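So you can see what is in the structure, the chains are spelled out below.
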Amino acid sequence: VCGVMGMATFSDEEALVRLGEELMAQLGYEPVGFTSGTAALESFRLTPRRFDIVITDEAMPEMTGSELVRELRKIRPDVPVLMMTGYVSASLTARARQAGINEVLGKPLQSREIARSVAAALSRRASPPRGPHPGDSGPANRRAESPRLA
């Protein structure tokens with residue numbers, strides 16, 4: 001969804017993507033939103049180090065959030081991923097875990113819940129190297145120190 005604390009938010013609903021971008025910007029992130037899993041995957045392939053965290057919806061056209069995350073993990077296994085869904089179930093949670101999703105969040109979401117989940121996912125991840133990564137297009141895609149959530 002989002003991306004100088006790079007964050008990507010993916011949903012099939014344009015209004016939800018824009019709302020997510022606004023919320024993440026208020027929390028101090030630089031969000032980048034997509035309504036297409038294919039477009040999100042292409043952007044991630046081009047500049048994988050631009051994104052510090054990914055927030056995706058499970059129900060999207062072209063590919064599910066779980067399918068998207070499996071592809072993202074091939075590129076950057078270390079990127080934290082949160083999934084939003086209106087239909088939390090045991091089978092979805094198991095599928096999400098198999099895909100490498102850190103947490104499944106049920107809709108509707110409160111901004112406090114999103115902030116807590118993002119902060120927790122970022123604090124648990126290993127510190128990846130910040131040097132060049134295959135697919136990065138250069139120094140313009142590197143970030144300064146990431147902002148902290150209050």
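Keep in mind that this is a model prediction, so the values were computed, not measured.

A. Structural view of the pattern of salt bridges. On inspection of all chains with the given rule, the structure shows 8 salt bridges. The shortest N-O distance in the salt bridge between Glu21 and Arg18 comes to 2.4 Å. Of this pair, Glu21 and Arg18 both sit in helix H1 (residues 14–26), 3 residues apart, which is roughly one turn of the helix. Look at Glu21 and you get buried, because its relative accessible area is 17%. Take Arg18: its relative accessible area is 34%, and that puts it in the partly exposed class. For Arg116, the salt bridge identified is with Glu103, shortest N-O distance 3.0 Å. With Arg116 in helix H5 (residues 111–124) and Glu103 in strand E5 (residues 103–106), this residue pair connects regions lying 13 residues apart in the sequence. The exposure class assigned to Glu103 is buried, which follows from its relative accessible area of 19%.

B. Up close: helix H2 (residues 37–46). Among all positions in H2, only Gly37, Ala40, Leu41, Ser43 and Phe44 are buried. All buried residues of H2 project into a common sector of 165 degrees when viewed along the axis, lining one side. A side-chain oxygen of the first residue of H2 lies 3.3 Å from the backbone nitrogen of Thr38; this N-cap is Ser36.

C. Highlighting the packing of H2 against helix H3 (residues 65–75). Following both chains from N to C, one finds H2 and H3 inclined at 5 degrees, their axes separated by 10 Å at the closest point. If you check the angle between H2 and H3, you find them roughly parallel. Between H2, through Gly37, Leu41, Phe44 and Arg45, and H3, the contact on the second element is made entirely by Leu68, Glu71, Leu72 and Ile75. Its residues assigned to classes, the contact of H2 with H3 shows 5 nonpolar, 1 polar and 2 charged.

D. A look at the environment of Gly100. Structurally, the position occupied by Gly100 is in the loop between helix H4 (90–99) and E5. Looking at Gly100, the relative accessible area reads 26%, which means it is partly exposed. Residues in contact with Gly100, not counting those within four places in the same chain, are Val69 and Arg73.

E. Seen up close, the nonpolar core. Counting 19 residues, the largest nonpolar core has Phe44, Val54, Leu68, Leu72, Val81 and Ile101 as the members making the most contacts within it. Only strand E2 (30–34), H2, H3, strand E4 (81–85) and H4 provide two or more residues apiece to this core. Ile55, Leu82, Met84 and Ala121 belong to the second-largest nonpolar core, a separate cluster that totals 12 residues.

F. Structural context of the side chain of Ser117. Residue position: Ser117 is located in helix H5. Of the residues examined, Ser117 reaches a relative accessible area of 0% and is grouped as buried. Once residues lying within four places of it in the same chain are set aside, the contact partners of Ser117 are Leu82, Glu103 and Leu105.

G. Examining H1 more closely. Between its terminal C-alpha atoms H1 stretches 19 Å, which fits the 18 Å expected from 13 residues at 1.5 Å a residue. Taken as a whole, H1 has its buried residues at Val17, Gly20, Glu21, Leu23 and Met24. Around the axis of H1, the buried residues are gathered within 165 degrees of arc, so they sit on the same side. Turned more than 90 degrees away from the buried face of H1 sit Ala15, Leu19 and Gln26, all of them exposed. One or two positions beyond H1, positive phi appears at Gly28, with a value near 100 degrees.

Definitions and limits used
Residues numbered from 1 in each chain as written. Predicted model: local features only at pLDDT ≥ 70, side-chain atom pairs only at ≥ 80, totals over all residues. Heavy atoms only, no water. Salt bridge = Lys/Arg side-chain N within 4 Å of Asp/Glu carboxyl O. Helix = DSSP H or I, 4+ residues; strand = E, 2+ residues; numbered from the N terminus. Buried < 20%, exposed > 50% of the residue type's maximum accessible area, 1.4 Å probe, protein only. Arc of directions from axis to C-beta. Polar contact = N/O pair within 3.5 Å; in protein donor to acceptor, adjacent residues only side chain to side chain. Axes fitted to C-alpha atoms, helices over the stretch in contact; angles between N-to-C directions. Parallel < 35°, antiparallel > 145°, perpendicular 65-115°, else oblique. Contact = heavy atoms within 4.5 Å. Nonpolar A, V, L, I, M, F, W, Y, C, P; charged D, E, K, R; others polar. Core = buried A, V, L, I, M, F, W, Y, C linked by side-chain atoms within 4.5 Å. Expected span 1.5 Å × (residues − 1).

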